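Examination of the molecular architecture
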Amino acid sequence: MEKAEEWINYGIGLAMEFGPKVLTALLIFFIGLWVIKRIIGGARKVMSNSKYDESLQRFLLSMVSWILKIFLILVVIGQLGINITTFAAVIAAAGLAVGLALQGSLSNFAGGVLIMIFKPYKIGDLIEAQGVLGAVKEIEIFTTKLITPQNKLAIVPNGAMANGNIINYTAEGRMRVDTTIGIGYGEDIKKAKEVLLAVLETNPKVLKDPAPSVNVSELADSSVNFAVRPYCLPEDYWSVYFETLENCKLALDKAGIEIPYPHQVEIQKKG
């Protein structure tokens, strides 16, 4: 019984000694988070009004947020009575080991900085990098987020992005859609070209400049193949691609121009 009272008294003593510090530290922490949120919100408004590049804006806000949160944590630690100088020395001593363990993260951070400086792409651009094709959703401190044509989220490390090959389909403001349409050897090539070109010229999503083109690209085993190449805006790429294939087939059928079927090709090969 006496031992229980001793423990209770000891607990009360600890609560009286450290309770106010803990409560104050918690108060500072939550107020600090609220202040940081306000600062970031205000900075975002200022950047938006100043017409900062959206990619740079998000990157800087993310970095400032992390710096302020680290500073807040140090203040909270100091309030708890832990010597910040000693704490910083411990961090410095462990810095080398942590740095070695986080080489990839540091490389990704450096890659993010390089992306912000040289701007090979920005939010909204359609790019292909590291084997991934997608629209840039967000450029963060360590990673770049892409939305693929299948509406999947792809997260690619910035280190790999900065040091690898990047194809930016949006940078020039227009894309060429490459499709191949084949007709039978007995069909009128000139008439087929006119039909295919008319399909492209009547599609409102196909750009007038550069003008679309239709040219014979190959004399295949069982068909004369045309390179059908319209230009469009990056956001219209897939719709123009699918519409071109469908509308070309319908137009050739309507004009009475034969498109070889797979089974016909096999028969001709066997013959």
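For the structure, see preceding data.
Presented here is an overview of the structure given in this document. Residue positions are given per chain, counting from 1 as you read along its sequence in written order. This being a predicted model, a pLDDT of at least 70 is required before a residue's local features are given, and a value of 80 or more before pairs of side-chain atoms are given or counted; all residues contribute to the totals for chains, interfaces and linings. By convention in this description, side-chain values take in all heavy atoms of the structure and omit both hydrogens and water.

**Section: unusual backbone geometry**
Cis geometry marks the peptide bond from Asp209 to Pro210, where omega comes out at 0 degrees. You can see Pro210 is positioned in the loop between helix H6 (189–201) and strand S8 (213–219). Even without glycine at this site, Lys119 takes up a positive phi of about 50 degrees. Mapping Lys119 onto the fold places it in the loop between helix H4 (103–118) and strand S1 (126–129). Despite not being glycine, Gln130 shows a phi value in the positive range, around 55 degrees. As for its position among the elements, Gln130 is in the loop between S1 and strand S2 (132–139). Secondary structure elements follow DSSP: runs of H or I of four or more residues count as helices, runs of E of two or more count as strands, with numbering from the N terminus.

**Section: the sheet that holds strand S3 (residues 143–147)**
In a beta sheet, neighbouring strands are held together by backbone hydrogen bonds and run either parallel or antiparallel to one another. Paired strands, in this sense, are two strands between which DSSP finds at least two bridges. The 5 strands are arranged S4-S3-S2-S1-S5 in an open sheet whose pairing can be described as antiparallel. A strand with exactly one partner marks an edge of an open sheet, and here the two such strands are strand S4 (153–157) and strand S5 (166–168). Averaged over all neighbouring strand pairs, the angle between strand axes comes to 40 degrees, with direction disregarded. As defined by bridge partners, S2 adjoins S3 across 4 bridges and the pair is classed as antiparallel. Here the axes come from fitting lines to C-alpha atoms, over the contacting stretch only for helices, and the angles between their N-to-C directions go from 0 to 180 degrees.

**Focus on the side chain of Asn108**
Relative to the helices and strands, Asn108 resides in helix H4. For each residue, the accessible area found with a 1.4 Å probe, counting protein chains only, is set against the maximum for its type, and the residue is called buried under 20%, exposed over 50%, and partly exposed in between. Owing to a relative accessible area of 17%, Asn108 belongs among the buried residues under this scheme. Other than its neighbours up to four places away in sequence, Asn108 contacts Ile141, Phe142, Pro157, Asn158, Gly159 and Ala160. Residue contacts are counted whenever heavy atoms from the two residues lie within 4.5 Å of one another.

**Some remarks on the packing of aromatic side chains**
Each Phe, Tyr or Trp ring, with Trp reduced to its six-membered ring, pairs with another whose centre is within 6.5 Å; inter-plane angles below 30 degrees give stacked pairs, above 60 give edge-to-face pairs, and intermediate values give tilted ones. On inspection of all chains with the given rule, the structure shows 7 aromatic pairs. Their ring planes at 80 degrees and their centres at 5.9 Å tell us that Trp238 and Tyr241 sit as a pair that is edge-to-face. With a gap of 3 residues between them, Trp238 and Tyr241 both fall in helix H7 (residues 237–254), about one helical turn apart. In this structure Trp238 comes out as partly exposed when scored by relative accessible area, which is 39%. Classification of Tyr241 as partly exposed rests on a relative accessible area of 23%. Through successive ring pairs, a cluster of aromatic residues spans Tyr237, Trp238, Tyr241 and Phe242.

**Notes on the side chain of Thr144**
Along the polypeptide, Thr144 turns up in strand S3. At a separation of 2.8 Å, a polar atom in the side chain of Thr144 contacts the side chain of Tyr121. Two N or O atoms form a polar contact when they lie within 3.5 Å of each other; inside protein one atom must be a possible hydrogen donor and the other a possible acceptor, and for residues adjacent in sequence the pair counts only when both atoms belong to side chains. Looking at Thr144, its side chain comes within polar contact range of the side chain of Asn158, at 2.7 Å. Contacts of Thr144, omitting those with residues within four sequence positions, involve Ile115, Tyr121, Val136, Glu138, Ile139, Ala154, Ile155, Val156, Asn158 and Met161.

**Examining the sheet that holds strand S7 (residues 179–183)**
Overall, antiparallel pairing links the 3 strands, which are arranged S7-S9-S8 in an open sheet. The open sheet terminates on both sides in strands that have one partner only, identified here as S7 and S8. The mean inter-strand angle of the sheet, taken between neighbouring strand axes irrespective of direction, is 30 degrees. Strand direction decides the pairing type here: S7 and strand S9 (residues 224–229), joined by 5 bridges, are antiparallel. Residue pairing across strands places Thr180 opposite Ala227, the latter belonging to S9. Those strands touched by H6 are S7, S8 and S9, and its axis lies near 25 degrees from that of S9.

On their own, these measurements won't tell you what the molecule is for.
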